Amino acid sequence: MAKAVGTAAPDPGAGEAQGRWDLVVLGSGVAGLTAALSGALAGLRVVVVEHADLIGGTSARSSGTVWIPGNHHLEAHGISDDHARAATYLEALVGMRGDATMWRAFLDRAPRMLTDLEARAGLSFRPFMTAPDYRQDCDGAAPGGRALEPAAFDGRQLGREFERLAWPLPELMLFGGMMVTRAEAAQLLTADRSLKAMALGLRLVGRYLADRLRYRRGTRLVLGNALVARLFKAALDAGVEVMTAAESRRLVVENGRVTGVAVRHSGRDIVLEARRGVVLAGGGYPASVVWRQKQLPHPVAENTPAAPGCDGSTIELALAVGAALGPDGLDNALWFPSSFARRADGSMAVWPHIVLDRAKPGLIAVDAGGRRFANEASSYHEFVRAMYRANAATAAIPAWLVCDRAFIRRYGLGLIRPRTPSLRRYVKNGYLREARSIAELAGAIGVPAEALRDTVERYNGFAATGVDLDFHKGETIYDRSNGDSAVAPNPCIGPLAEPPFYALAVYPTPLGTSRGLSADIDARVLDDNGVPIAGLYVCGNDMQSAFGGEYPGAGAQLGQAMTFGWVAARHAAGLSVAGESDQRPSVIR
């Protein structure tokens, strides 16, 4: 197994960290780890450089879902024509907002990447057959199967390296360190009336308690933590070296070609020579105040659920050697509506309202005028876009999620889990606004009382008929997949009827950014003239979105990241991305 170099490891010698590498990868999220692993499998000597202390970036905080149309897992479900339908979908969704050659390259190469890494590196996924594409209004949208869930991973397989794996968002874990999937969480809520659910809970808690005798958190990893851990382990096994707490300061250019990276590590300035190329995979710029001010719409988001290291620094390295940004997009971000709360240690908890509450029956979102402005069950990306559109006329940033006590008891709300017995602390710390009537709640959040009353009454009428005449909530299979199937006639619409009533403020937050470095289908960074910069590659959110800033389905960011990470490494190694030339190249040491 290769040695990983981090802050706790001995300072690497000149022949180790400062020696000759074939491929240097900047960033250790899913994009960077995929590039590193793919390069190593192609016979290259690879080093990953991560400026944080821990491995994984935003990917480690994510759901870990990857969106791969035409994947081979669909064949077991009788689906064989998905590539053509996906092309129809992306053509309708992206249109003129993105380069068709890029999304067509993604469609061709993503299934090949998946097959290759599952076969040769032990990656494991299963299709979400009930996870519809987000934009069901576009031809070619699928009812499920394009989104793939990573298999659980045993963190103990990483040995000492488990301590260098970044944690998920703490609010997404139970008991301070136990991970569960969304499906498991839903099942555990029935443990008081289901022997199967009770048995699951006992197994998970038992494993967690045993883990805590040796580790700071549970070692049963799911979601993005599992995907990052599996890629990390596979990369180490393939001979990849990983440096953490290493600041990449500049790209080294010789005769017009990028040949290495100048790095500050363990108090020393070193140069990592990259004989085949450098791959930029720093995660875009959602965590940079400066980049957000320049690139994102106003009012500019003040917080993000992304990792702090996603600060645009790797993009800046490329711009300094003549690289070009892709075209300005509609909003240059991939959005979550999020609520905020201060943790006990003073840090900010950013809770993304993805699918657990907005689509459930008995909740509405209103603007400063007390009126609904969007379909609350739409995708998180489209919901935030609706916030910005509405904000041009009536303030919708923040927007207020309004519901009653019965809703929170059944479904939870943001940081508040279902069946929470008392909401007092959430009201006291200002996370929730509480009132005994709708009119009183309107006063608490500063909206017109008559308008909010009228809005709630009209919506309660929709609950009786199951038809949302204003925003068509619950009319698509995507909406309904996140609703409550036990509620009829519309699983996404229910009345707000039982006082006290509550309101929670949500704000736009960028999980990722979609405007990045201009690149070609081989993931080579382009200059202002559209010419590839020799030796420089890009993937993940450092790269201009192949989807033109659109969000086609769950895992679209990670699917694109893995695909072009794989493409970059294979191109650097001189291998065909089509897979017909898989022999290892001769590598100059």
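Here, the structure is the one placed above.
Read on for a plain summary of the structure. In this text the structure is predicted, and so the values were computed from the model without any measurement.

### Some words on the overall build of the protein
Helices and strands together make up the secondary structure of the protein, namely 15 helices and 19 strands. Taken against the 2.2 N^0.38 rule, which gives 25 Å for 589 residues, the C-alpha radius of gyration of the protein at 24 Å falls within 12% of a compact globule. Along the first, second and third principal axes, the C-alpha atoms of the protein reach 75 × 55 × 50 Å. Counting the 589 residues in the protein, one finds 59% classified as buried. Partitioning the intrachain contacts of the protein with sequence separation of at least 6 by distance along the chain shows that 72% fall at a separation of at least 24. For the protein, the exposed area adds up to about 22900 Å²; of that, 52% sits on carbon and sulfur atoms. Separation between the mean location of the 64 positive side-chain charges and that of the 60 negative ones in the protein comes to 6 Å.

### Structural notes on the packing of helix α3 (residues 100–121) against helix α15 (residues 556–573)
Packing of α3 against α15 leaves a shortest axis separation of 8 Å and a crossing angle of 80°. By the angle between their directions, the pair α3 and α15 is classed as roughly perpendicular. Along the contact surface, α3 presents Met 102, Phe 106, Arg 109, Ala 110, Arg 112, Met 113, Asp 116, Leu 117 and Arg 120, while α15 presents Gly 559, Gln 560, Met 562, Thr 563, Phe 564, Trp 566, Val 567 and Arg 570. Its residues placed into classes, the contact of α3 with α15 shows 9 nonpolar, 3 polar and 5 charged.

### A short note on the environment of His 298
Tracing the sequence through the fold places His 298 in the loop between α7 (289–295) and α8 (313–319). Taking relative accessible area as the criterion, His 298 reaches 55% and is therefore assigned exposed. Separated by 93 residues in sequence, His 298 and Asn 391 have C-alpha atoms that sit 9.8 Å apart.

### So, the environment of Pro 299
Topologically, Pro 299 is positioned in the loop between α7 and α8. What Pro 299 contacts, discounting residues up to four positions off in sequence, is Tyr 388, Asn 391 and Ile 397.

### Some remarks on the nonpolar core
Ranked by internal contacts, the top residues of the largest apolar core, which has 152 residues, are Val 24, Val 278, Phe 373 and Leu 432. The element contributing the most residues to this core is α15, with 11 residues. Filtering out sequence-adjacent residues up to four positions away, Phe 373 remains in contact with Ala 365, Val 366, Asp 367, Phe 383, Ala 386, Met 387, Ala 390, Ala 396, Ala 399 and Phe 471. Among the nonpolar cores identified, the runner-up in size contains 20 residues, and Ala 435, Ile 438, Leu 452 and Phe 462 belong to it.

### So, the packing of helix α12 (residues 438–445) against helix α13 (residues 449–465)
Running from N to C, α12 and α13 cross one another at 125°; their axes reach a closest spacing of 8 Å. By the angle between their axes, α12 is oblique relative to α13. Every pair of crossing elements has a handedness; the one defined by α12 and α13 is right-handed. Each of Ile 438, Ala 439 and Ala 442 in α12 lies in contact with α13, whose residues at this interface are Ala 449, Leu 452, Arg 453 and Val 456. Here the residues of the contact of α12 with α13 sort into 6 nonpolar, no polar and 1 charged.

What counts and what doesn't
- Residues numbered from 1 in each chain as written.
- Predicted model: local features only at pLDDT ≥ 70, side-chain atom pairs only at ≥ 80, totals over all residues.
- Heavy atoms only, no water.
- Helix = DSSP H or I, 4+ residues; strand = E, 2+ residues; numbered from the N terminus.
- Rg over C-alpha atoms; globule rule 2.2 N^0.38 Å.
- Buried < 20%, exposed > 50% of the residue type's maximum accessible area, 1.4 Å probe, protein only.
- Contact = heavy atoms within 4.5 Å.
- Areas by Shrake-Rupley, 256 points an atom, 1.4 Å probe, with all protein chains shown as cover.
- Lys, Arg positive; Asp, Glu negative; His and termini not counted.
- Charge placed at Lys NZ, Arg CZ, Asp CG, Glu CD.
- Axes fitted to C-alpha atoms, helices over the stretch in contact; angles between N-to-C directions.
- Parallel < 35°, antiparallel > 145°, perpendicular 65-115°, else oblique.
- Nonpolar A, V, L, I, M, F, W, Y, C, P; charged D, E, K, R; others polar.
- Core = buried A, V, L, I, M, F, W, Y, C linked by side-chain atoms within 4.5 Å.
- Left-handed = near helix turned anticlockwise from the far one by under 90°.

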